[in-house]
Amino acid sequence: MPRVKDNNSRSSSNSAANLGFEAKLWQAADALRNNMDAAEYKHVVLGLIFLKYISDAFEAKHADLESQKAQGADAEDPDEYRAVSIFWVPKEARWSHLKASAPQPTIGTIVDDAMSAIERDNPSLKAVLPKDFARPGLDKQRLGQLINLVSDIALGSAADRAKDTLGRVYEYFLSQFASAEGKKGGQFYTPSSVVRVLVEMLAPYKGRVYDPCCGSGGMFVSSEKFIEAHGGKLGDISIYGQESNYTTWRLAMMNLAIRGIDAQIGHGDTFHNDRNPDLKADYVLANPPFNDSDWRGELLKDDKRWVYGKPPTANANFAWVQHFIHHLAPTGLAGFVLANGSMSSNQSGEGEIRKAIIEADLVDCMVALPGQLFYSTQIPVCLWFFARNKKNGRFRDRRGETLFIDARKMGSMVDRVHRELTDEDILKIAGAYHAWRGDKDAGEFADVSGFCMSAKLEEIRKHGHVLTPGRYVGTEAAEDDGEPFEEKMQRLSATLREQMAAAATLDAAIAANLKELGYDE
C-alpha cells in the first residue's frame, strides 16, 4: 500500500457542500434572482463580486497611502497602485459610491459606468467586465439589494484578507451556478475535487502550465493554491490558456485577477486558432468538452498535430489528446479529463490512435473516477496522465510501465445527485501515483488489488490496448474474518433454514387470514 504524505493533509470539511457563509450568501443572492436564468444572473453576481474585490484591495492601499501623506505619499496617484499590482479604481467606480447609489433607479447605469471606468484605466481588463446592468430586464430594486448583500462580504480591510474571502466566494458561486445551469450549461466549471486530483498528482511546482480549454480558469487557481500550500509563491509558474466561449473567457479573466494571478489567456477556438502555437509546456492540465462532435475536424485533416493518427470528425477526444501532446515540452507532464469511452473505443480509428500513443510509451497513469462528479453531465469519466519522457531524471525510470488506479468506489454524495472526492480520497490517489513514479518521500509502492496496479506494456497489448483500470487492478481482496470455511457454511446453512421455516409459518398465517376473509382458493 503506498504511503500518503502527511504534509498535504487537510480537513475534509472544505467540500462545496460544507461551507459556512458562502452558502448563506448564495441562498440570499439566489433569492434575489427572481425569474432570471442562472446563466444570465451569473454575470450580474460575479461581476459585482469582482468589482467589490478590486475596490476592497484599492481601499486598503488607499488607506495605507493616506497614512503616509506626511511622507509625501499621494493616495490619488494611479502609479502607486500599479506599482504593487493593485487595480486603480477611479472615484466613480469605488464601492462606497455604488453602495450609496444602490437605492436609486439609475443604479444599473451607475454600475455600467463604473465597469467602463475601470476598464478605461486598467488596460489588462479591457473587454473583460460585464456592462449590461442598465438593461430593462434587470430589476433595479433587486440589483440594489444585491449590492447591499455583496457589501456585507467585507470581513476586514486588509487586501490579502479581502482577496481570500472574495476569492472563495467567487469560486463557490461558480460551482453553484454550474450546478444551477446543469446540462444546459455548467461546462465552464470543472468540479474542484477533480481539479485537485489532477493538480495534486502532477504537482506543478515550477514551469509553464497550459490549459487550452480553460473554462473559468479553475486549473490555474488550483495550481497556484498547490504551490502556496507547499511553500512556493505566486509567479513560480507561468500560465497560458485559451477559451473559445467569450463569456467564459471573461469569467476566467476575472477569476484569475481576483486571485492576483498573472496569466496569458487567449480567446478563440483552440483547434482552428491556436493562440499559443509555439508553446511547449511543462504541465498540461485540461478538461476538454466531452465527446465534442462539432469541432469542424474535416477542415484539419492534414494538421501537423495528428502525429498518432487522424482523429474522427465526429468526436474530438483524440484531437484534444494529440493537441496536448503537441504542446508538451521534452520533459513535460500532462493530466486531463476524458469520457470513459476514450479508454476502450475502437470507433472511427480511435483504437488505432490510442494504440499508437500507448506504443510510444506516453501513458504514465490512468485513473477511473466515480460517476456523478460533474454538474453538466452524469457520464462517468477518467483521468489520463502522460509523461513525454519516462526517464527524465526527475523520477525513477518507468519506461514500458503504466499505473492503473480504480477510484470508482471513492467519493461521497454531497446532495441527491452529486458526488465529491474527499481530501482523503485525493491524497490516496495522488499518493499511489507519487510512490509509483518514485517521488522523494512518497514511500514504497505496492500493487493493491481492486485499487492500483502497475502494468507492463506487454500486458496492455494482451488487453488489446484497452486502458480501463478495472481490467488491470482486479477485484478488492475480501477481508479474512478468521472463521473456518466449514464452520461458516454450517452457520449460514442453519440461519437459512431458520429463515425458510419462519417464511413458511408466515405464509401459512397469511393463507389462514385470507381464508377467514372469504378469499379461499
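Residues numbered from 1 in each chain as written. Predicted model: local features only at pLDDT ≥ 70, side-chain atom pairs only at ≥ 80, totals over all residues. Heavy atoms only, no water.

**Student:** I'm lost on the packing of helix α5 (residues 107-121) against helix α6 (residues 140-151) in this one. Help?
**Tutor:** In helix packing, the relevant descriptors are the interaxial angle and the interaxial distance, both defined with respect to the helix axes. Across the interface, α5 lies against α6 with an axial gap of 9 Å and an inter-helix angle of 55 degrees. Comparing their axes, α6 and α5 come out oblique. Packed against α5, whose contacting residues are Ile-107, Gly-108 and Val-111, the element α6 presents Lys-140, Leu-143 and Ile-147 at the interface. A class-by-class count of the residues in the contact of α5 with α6 yields 4 nonpolar, 1 polar and 1 charged. (Axes fitted to C-alpha atoms, helices over the stretch in contact; angles between N-to-C directions. Helix = DSSP H or I, 4+ residues; strand = E, 2+ residues; numbered from the N terminus. Parallel < 35°, antiparallel > 145°, perpendicular 65-115°, else oblique. Contact = heavy atoms within 4.5 Å. Nonpolar A, V, L, I, M, F, W, Y, C, P; charged D, E, K, R; others polar.)

**Student:** Help me understand the pattern of salt bridges in this model?
**Tutor:** Working definition: two side chains of opposite charge can pair if their charged atoms are close together. Counted by the stated rule, this structure contains 24 salt bridges. Across the pair Glu-92 and Arg-120 runs a salt bridge, and its minimum N-O distance is 3.4 Å. Highlighted residues: Glu-92 in the loop between α3 (78-82) and α4 (95-101) and Arg-120 in helix α5, separated in sequence by 28 residues. Across the pair Lys-456 and Glu-401 runs a salt bridge, and its minimum N-O distance is 3.6 Å. Taken together, the residues Lys-456 in strand β11 (residues 452-456) and Glu-401 in strand β8 (residues 401-406) connect sequence positions 55 residues apart. Note on Lys-456: relative accessible area 52%, which makes it exposed. (Salt bridge = Lys/Arg side-chain N within 4 Å of Asp/Glu carboxyl O. Buried < 20%, exposed > 50% of the residue type's maximum accessible area, 1.4 Å probe, protein only.)

**Student:** Looking at this model, I keep getting lost on the sheet that holds strand β5 (residues 328-339). Mind explaining?
**Tutor:** Sheet strands pair by backbone hydrogen bonding; their relative direction is either parallel or antiparallel. Sheet architecture is open: 9 strands sit in the order β3-β2-β1-β4-β5-β7-β6-β8-β11, paired in mixed fashion. Strand pairing shows two members of the sheet lacking a second neighbour, β3 (263-267) and β11, which therefore form its edges. Adjacent strand axes in the sheet meet at a mean angle of 15 degrees, parallel and antiparallel pairs treated alike. By the bridge criterion, 7 bridges tie β5 to strand β7 (residues 381-387) in an arrangement that is antiparallel. From the neighbouring strand, Leu-338 faces β7, where its bridge partner is Cys-382. Running over the sheet, helix α9 (residues 218-229) touches β1 (207-211), β2 (237-243), β3 and β4 (281-286) and is turned about 165 degrees from β2. Its contacts with the sheet place helix α10 (residues 246-258) against β2 and β3, and it is angled at close to 170 degrees to β3. (Pairing = 2+ DSSP bridges.)

**Student:** Hey, could you run me through α6 in this one?
**Tutor:** In an α-helix, one full turn covers 3.6 residues, which means residues spaced three or four apart are oriented alike. In this model, α6 (12 residues) spans 16 Å end to end at C-alpha, consistent with the 16 Å of a helix rising 1.5 Å per residue. Taken as a whole, α6 has its buried residues at Lys-140, Leu-143, Gly-144, Leu-146, Ile-147, Leu-149, Val-150 and Ser-151. Among the residues of α6, the N-terminal cap falls to Asp-139, whose side-chain oxygen and the backbone nitrogen of Gln-141 are separated by 2.8 Å. (Expected span 1.5 Å × (residues − 1). Polar contact = N/O pair within 3.5 Å; in protein donor to acceptor, adjacent residues only side chain to side chain.)

**Student:** Just checking my understanding: could you explain empty space enclosed by the protein for this structure?
**Tutor:** To find leftover empty space, a probe the size of one water molecule is rolled over the atoms. Applying the stated criterion to the full structure yields 4 cavities of 30 Å³ or more. What lines the largest cavity is a set of 11 residues, among which Pro-191, Ser-192, Leu-373, Tyr-375 and Glu-420 lie closest to the centre. By residue class, the composition of the lining of the largest cavity is 5 nonpolar, 4 polar and 2 charged. (1 Å grid on protein atoms, 1.4 Å probe; cavity = no way out; pocket = protein on both sides within 12 Å on 5 of 7 lines; lining within 4 Å. Points joined across faces, edges and corners; volume = space filled by probe spheres on them.)

**Student:** Would you mind going over the nonpolar core with me for this structure?
**Tutor:** Side chains that are nonpolar tend, in soluble globular proteins, to be buried together. Formed by 110 residues in total, the largest nonpolar core has its most connected members in Phe-50, Phe-173 and Val-367. Looking at this core, the element that brings in the most residues is helix α2 (residues 38-67), giving 14 residues. Among residues more than four places away in sequence, those in contact with Val-367 are Met-201, Cys-382, Leu-383, Phe-385, Ile-405, Ala-407, Ile-429 and Pro-469. Core analysis: the second largest hydrophobic core is formed by 41 residues, Val-284, Leu-362, Phe-386 and Val-473 among them. (Core = buried A, V, L, I, M, F, W, Y, C linked by side-chain atoms within 4.5 Å.)

**Student:** What exactly am I supposed to notice about the packing of aromatic side chains here?
**Tutor:** Where two aromatic rings form a pair, the distance of their centres and the angle of their planes describe that pair. Applying the stated rule across the entire model yields 24 aromatic pairs. Arranged with centres 6.2 Å apart and planes meeting at 70 degrees, the rings of Tyr-41 and Phe-177 form a pair that is edge-to-face. Of this pair, Tyr-41 sits in helix α2 while Phe-177 sits in helix α7 (residues 159-181), and the two are 136 residues apart along the sequence. Exposure class is identical for Tyr-41 and Phe-177. Each is buried. Where Phe-404 meets Tyr-472, the ring centres are 3.9 Å apart and the plane angle is 10 degrees; that geometry is what we call stacked. Here Phe-404, found in strand β8, pairs with Tyr-472, found in helix α15 (residues 470-473); they are 68 residues apart in sequence, far enough to count as distant. Put simply, the rings of Phe-271, Trp-295, Trp-306, Phe-318, Trp-320, Phe-324, Phe-336, Trp-384 and Phe-386 pair up and form one aromatic cluster. Sitting above the plane of the Trp-436 ring, Arg-396 keeps its charged end 5.1 Å from the centroid. (Phe/Tyr/Trp six-rings, centres within 6.5 Å; stacked < 30°, edge-to-face > 60°. Lys NZ or Arg CZ within 6 Å of the ring centre and 35° of its normal.)

Any functional reading would require information that these geometric values do not contain.
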